[in-house]
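Overview (structure and organization)
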Amino acid sequence: MKSQSPVILGVGRTKFGEHYEKDPESLIDEAGLQALDSAGVTRKDLDACFLSDYFLQVTNKIGLEEGFFSELLELHVPMEKNRSFSSALLNACHAIQAGKYDIVLVGGMEKMTDRWDKIRDDLMLLEDPWSYYAGCTPEANHDLLLKGYIKKHKIKGEQLEKLYTALAQISVKNHQNATKNPFAQYTSSITLDGVTNSRKCACKSLGLFDFAPVSDGASALILASSNAAKKCTSAPVYVLGSGSATDYITFPARENRTGFTASTLAMEAALNQSQIEAKEIQLAELYDQSTLLEMLSLEDLGFCETGKAWLDIYNSFEDYKGFYDIDGRKLFVNLNGGLKADGNPLGATGGAQIFEIVKQLRGEADKRQVEINGETPKLGLVSELEGFGTKAYIHILGRNTD
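Here goes a summary of the coordinates provided. (Residues numbered from 1 in each chain as written. Predicted model: local features only at pLDDT ≥ 70, side-chain atom pairs only at ≥ 80, totals over all residues. Heavy atoms only, no water.)

So, the overall build of the chain
Tallying secondary structure elements over the chain gives 15 helices and 11 strands in all. Against the globule reference of 21 Å for 402 residues, the chain gives a C-alpha radius of gyration of 20 Å, in line with a compact fold. If one aligns the C-alpha atoms of the chain with their principal axes, the spans along those axes are about 60 × 50 × 40 Å. Sorting the 402 residues of the chain into buried and exposed places 59% on the buried side. When contacts within the chain are restricted to residue pairs at least 6 apart in sequence, those whose partners lie at least 24 apart make up 76%. On the chain, roughly 16,500 Å² of surface is accessible, and the fraction owed to carbon and sulfur atoms is 49%. Charge separation in the chain, taken as the distance between the mean sites of 42 positive and 55 negative side-chain charges, equals 3 Å. (Helix = DSSP H or I, 4+ residues; strand = E, 2+ residues; numbered from the N terminus. Rg over C-alpha atoms; globule rule 2.2 N^0.38 Å. Buried < 20%, exposed > 50% of the residue type's maximum accessible area, 1.4 Å probe, protein only. Contact = heavy atoms within 4.5 Å. Areas by Shrake-Rupley, 256 points an atom, 1.4 Å probe, with all protein chains shown as cover. Lys, Arg positive; Asp, Glu negative; His and termini not counted. Charge placed at Lys NZ, Arg CZ, Asp CG, Glu CD.)

What about the environment of Ser219?
Counting through the fold element by element, Ser219 comes out in strand β5 (residues 216-224). Here Ala348 takes part through its backbone oxygen, which lies 2.8 Å from a polar atom of the side chain of Ser219. (Polar contact = N/O pair within 3.5 Å; in protein donor to acceptor, adjacent residues only side chain to side chain.)

Quick notes on the pattern of salt bridges
Tallied over the entire structure, the rule returns 17 salt bridges. Close ionic contact of Glu139 with Arg120 constitutes a salt bridge, the shortest N to O distance being 3.1 Å. Of this pair, Glu139 sits in helix α7 (residues 138-152) while Arg120 sits in helix α5 (residues 119-123), and the two are 19 residues apart along the sequence. Of the residues examined, Arg120 reaches a relative accessible area of 44% and is grouped as partly exposed. (Salt bridge = Lys/Arg side-chain N within 4 Å of Asp/Glu carboxyl O.)

Considerations on the nonpolar core
Leu46, Leu163, Ile222, Met295, Leu298, Phe303 and Leu381 are the most contacted members of the largest nonpolar core, which totals 89 residues. Setting aside anything within four residues of it in sequence, one finds Leu298 in contact with Leu286, Phe303, Cys304, Ala309, Ile313, Tyr324, Leu331 and Val333. (Core = buried A, V, L, I, M, F, W, Y, C linked by side-chain atoms within 4.5 Å.)

Here's the deal with the sheet that holds strand β11 (residues 391-398)
Strand pairing within a sheet occurs via backbone hydrogen bonds; the two strands may be parallel or antiparallel. A sheet is described by the order of its strands in space; here 11 strands give the open sequence β3-β2-β4-β5-β1-β6-β11-β10-β7-β9-β8, paired in mixed fashion. Pairing within the sheet leaves two strands with one partner each, and these edge strands are β3 (79-82) and β8 (324-326). Across the sheet, the mean angle separating the axes of adjacent strands is 25 degrees when strand polarity is ignored. Pairing of strand β10 (residues 379-386) with β11, which is carried by 8 bridges, proceeds in the antiparallel orientation. Residue pairing for β11: Gly380 is matched across the bridge by Leu397. (Pairing = 2+ DSSP bridges. Axes fitted to C-alpha atoms, helices over the stretch in contact; angles between N-to-C directions.)

Focus on a nonpolar patch on the surface
Residues Trp130, Tyr132 and Tyr133 make up a contiguous nonpolar surface patch of roughly 430 Å² in combined accessible area. Mapped onto the secondary structure, Tyr132 falls in helix α6 (residues 129-133). The class of Tyr132 is partly exposed, set by a relative accessible area of 31%. (Patch = residues over 30% accessible without salt bridge, like charges linked within 9 Å, V, L, I, M, F, W, Y side chains within 5 Å.)

Observations regarding the packing of aromatic side chains
A full pass over the atoms with the stated rule returns 8 aromatic pairs. Ring centres 5.3 Å apart and planes at 75 degrees place the aromatic pair Phe251 and Phe388 in the edge-to-face group. Of the two residues, Phe251 is situated in the loop between β6 (237-246) and α11 (261-274) and Phe388 in the loop between β10 and β11; the sequence distance between them amounts to 137 residues. In this pair, the class of Phe251 matches that of Phe388, namely buried. Taken together, a centroid distance of 6.3 Å and an interplanar angle of 65 degrees make the contact between Phe317 and Tyr324 edge-to-face. Its relative accessible area of 19% is what places Phe317 among the buried residues. Taking NZ or CZ as reference, Arg13 lies 5.9 Å from the ring centre of Phe355, over its face. (Phe/Tyr/Trp six-rings, centres within 6.5 Å; stacked < 30°, edge-to-face > 60°. Lys NZ or Arg CZ within 6 Å of the ring centre and 35° of its normal.)

Observations concerning helix α15 (residues 346-362)
Counted at 1.5 Å a residue, the expected span for α15 with its 17 residues is 24 Å, and the 26 Å between its end C-alpha atoms agrees. Taken across its 17 residues, α15 has 17 buried, putting it largely inside the fold. (Expected span 1.5 Å × (residues − 1).)

Details of the packing of helix α8 (residues 158-178) against helix α13 (residues 309-316)
One can describe the packing of α8 onto α13 by two numbers: an axis separation of 8 Å at closest approach and a directional angle of 70 degrees. Our classification of the angle between α8 and α13 gives roughly perpendicular. The handedness of the crossing between α8 and α13 comes out as left-handed. Here Gln159, Lys162, Leu163, Thr165, Ala166, Gln169 and Ile170 of α8 lie close against α13, whose contacting residues are Trp310, Ile313 and Tyr314. Across the contact of α8 with α13, the residue classes break down as 6 nonpolar, 3 polar and 1 charged. (Parallel < 35°, antiparallel > 145°, perpendicular 65-115°, else oblique. Left-handed = near helix turned anticlockwise from the far one by under 90°. Nonpolar A, V, L, I, M, F, W, Y, C, P; charged D, E, K, R; others polar.)

A look at the packing of α8 against helix α9 (residues 192-202)
For the pair α8 and α9, interaxial distance at closest approach is 9 Å and the crossing angle is 120 degrees. Note that α8 runs across α9; the crossing there is right-handed. Of the residues in α9, those in contact with Tyr164, Thr165, Leu167, Ala168, Gln169, Ser171 and Val172 of α8 are Leu192, Val195 and Arg199. Split into classes, the residues belonging to the contact of α8 with α9 amount to 6 nonpolar, 3 polar and 1 charged.

Digging into the pairing of β11
Of all the 8 residues making up β11, 7 are buried; the element is thus mostly covered by neighbouring parts of the structure. By the bridge criterion, 8 bridges tie β6 to β11 in an arrangement that is antiparallel. Residue pairing for β11: Ser242 is matched across the bridge by His395. Turn length for the β10-β11 hairpin, with the two strands adjacent in sequence and antiparallel, is 4 residues, and the turn residue Gly387 shows positive phi of about 70 degrees.

Here it is as structure tokens:
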């Protein structure tokens, strides 16, 4: 399998945050140059580019992103645009595996803060319009999901308090991880009281500190066939398995309303392709658009028993050592701070997740670097969603499959 797996040669990214002073082209230029330098190749080596963004047509009036990128690189190679970074990477992997190309660039960018006054309406393009007209905001979908979860699993009393504490601990943990990430949007720690007080202020189950922010930024990577990679790197990071699946855009119409079926199906496909079991995964960058989604991802992806992830999280924080202790196994989650603290510039988000896993597998994550039993981790996973669980992508990365 390793002989056929695409190889990530290098990665790059910008700091996420509010970049009013930079245009989208300069952001992707910065991330792309980092990726090329990291890979040890030049733009002339690229056979094609796969790009991602959700809203540049709306936020920055850029209608054909491929043309701007062609101008930046002074190249006329094939370029294709996708919404999410994970989607762009999946298509790049397919092209490499089909033998179409040897070396490609995958890049993502977003500039959302240029349109603060309209961005919430723009985001509704990713949700079911009929739910929106009925007053169901994106945050309301998270609230409905949480209420359904509590009802289905009959969580109440002291157990319910532990669940809410576990969700707050996720936010505190991700902000703490981001204090070591120089690219993160927020690099300050927060407290459990801060999270719970924000919920009280909003009079909601989930408050300000439970949700990821609106962000600007860019990310990029260089992907190569295994044969081409042999000439470029002695430390390959393989894309061992990938999966994607979909679900109804209308959340109330879904059969499963206490998790994301698309995530489970995408995980099954990625595990099947990689011939790896979920319990072997050591690192995971999960799509924590809210603290609730990080908790549910642990169940949807098979790391925790359905209905019990909150308890694994709560127990892990009784003597927290930087990882979730799940049945005696260590799982490091969202070491870059997750979407919650690292930031969430939609089209670039998945690239930042890949960036973190690649850096960790190479032992290049500086202050964030973790070791497992005294060794650099071997296997990591990235999950990304489009919409409210409407599309799910999983990529499993490994530095060694022997």
